[in-house]
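The primary structure of each chain is shown beneath.
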Amino acid sequence: MKLTSYLQWQKLQHPVLTDHQTELWLRYAPSDNPDISGNKLLKLKYQLELALQQKYQGLLTFGGAFSNHLVATAAAAAKNNLKSIGIVRGEDADLNNPTLAICQSYGMQLILVSRAYYQSRHLSETIQQLNNQFPGYLHIPEGGTCEAAVRGVSELDMRNTPNGPASLLICAVGSGGTIAGLIHGAESTAVLGIAVVKDLSLPEKIKQFLPTSRLWPEWQLIQAVHQPRYGRFDQELWQFCQSFADQKVQLEPIYTGKALYSVFELIKSGVILKGSRLSFFHTGGLQALKGLAYRGLINPITDSEQ
Ligand SMILES: Cc1ncc(COP(=O)(O)O)c(C=O)c1O
């Protein structure tokens, strides 16, 4: 698929939006591979560039057994003729689950580690030990979040919808790199992040990418209003995700669906004002649907839904 033909903006239709005279635009990032779509390619762009320029032989990164980021890193590495290693949380992770199967199909070498070892991934001894064991691999943090990722995301124009400037830029927040990138690119437009993880240190993590030497647009982080714990969702949330299928909009209930649900609640309660024009980053992550179906948490995904 040519990048120029890629859907960049889609205006969502919904009675709540009509009733509250609110425009909601989904913002898609260009990608020719669904496994590296949404925020993923933007987050990896400069890390890939560095790996290629400095002639690393591969990328080494970290993630859970159903991590979107692991899949994206495996796919991006394969596309750029780099090797890849995924350090996976949990010795009991199932190598046959759809996420880890996709990673392996891209040639990623998976190493299952204990949760205790995984927790130690930031320690210098662990980093050194990984460097000794796998020399020539560029380390990419869990979730891909780092300065380079923030820079990549900042390049996505979230502000100029086909109907004119957005009044609010919105994204789901996990490790914080994506919202930091949106804030960098927002100029004076306000930014709202919907946290889908319970992490009290998240505001500080985001602030570390926003030097105090510059004035930033207004930004706010709220906790997802429904099923606020990471990975948790119920049938109501899943039905909400599916309710956009007739507009050919696919959402998963862990990040994008959960964040969009919160946006609708904020619109209904009047916190988001009538007349707003919202720009919502569709951050991808659709591979996760296969993992949810594999675990019996949603109905099996048909090929036409992928
Ligand atoms: C689909 C999806 N949306 C949103 C996010 C949140 O991005 P971040 O970790 O940069 O906050 C992630 C995690 O990378 C994700 O996989």
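Student: In this structure, what is going on with the domain arrangement of the chain? I would like to understand it.
Tutor: Interface size, as often reported, equals the accessible area lost upon joining of the parts. Parsing the chain into structural domains produces domain 1 (3–29 + 156–305) and domain 2 (40–144). With 14 residues of domain 1 at the interface, the matching set in domain 2 holds 14 residues. Both sides together, the interface formed by domain 1 and domain 2 hides about 1000 Å², and carbon and sulfur atoms give 57% of it. A per-residue breakdown of the area domain 1 buries against domain 2 is headed by Gln 287, Tyr 294 and Arg 295, which together make up 46% of the total.

Student: Help me understand the site of the ligand in this model?
Tutor: With respect to spatial proximity, 16 residues lie near the ligand, and among them Lys 43, Gly 174, Ser 175, Thr 178 and Thr 283 are the closest. A distance of 2.5 Å is found between an oxygen atom of the ligand and a side-chain nitrogen or oxygen belonging to Lys 43. Protein chains bury 97% of the 380 Å² of accessible surface belonging to the ligand in isolation. Of all elements in the fold, only helix 2 (40–53), strand 9 (168–173) and helix 8 (177–185) reach the threshold of two or more residues within the shell around the ligand. Grouping the amino acids of the shell around the ligand by side-chain chemistry returns three nonpolar, 11 polar and two charged.

Student: How do you make sense of the sheet that holds strand 6 (residues 137–140) when you look at a structure like this?
Tutor: What links the strands of a sheet is backbone hydrogen bonding, and the strands pair in either a parallel or an antiparallel sense. Spatial strand order, 5-4-3-6: four strands in an open sheet with parallel pairing. What marks the edges here is a single partner per strand, and that holds for strand 5 (109–113) and strand 6. Each neighbouring strand pair of the sheet contributes to a mean axis angle of 20°, computed without reference to strand direction. Here strand 3 (residues 58–63) runs beside strand 4 (residues 83–89); their pairing, made up of six bridges, is parallel.

Procedures and definitions
Residues numbered from 1 in each chain as written. Predicted model: local features only at pLDDT ≥ 70, side-chain atom pairs only at ≥ 80, totals over all residues. Heavy atoms only, no water. Domains from an automatic or database assignment. Contact = heavy atoms within 4.5 Å. Buried area = accessible area lost by both parts, 1.4 Å probe. Near = heavy atom within 4 Å. Polar contact = N/O pair within 3.5 Å; in protein donor to acceptor, adjacent residues only side chain to side chain. Areas by Shrake-Rupley, 256 points an atom, 1.4 Å probe, with all protein chains shown as cover. Helix = DSSP H or I, 4+ residues; strand = E, 2+ residues; numbered from the N terminus. Nonpolar A, V, L, I, M, F, W, Y, C, P; charged D, E, K, R; others polar. Pairing = 2+ DSSP bridges. Axes fitted to C-alpha atoms, helices over the stretch in contact; angles between N-to-C directions.

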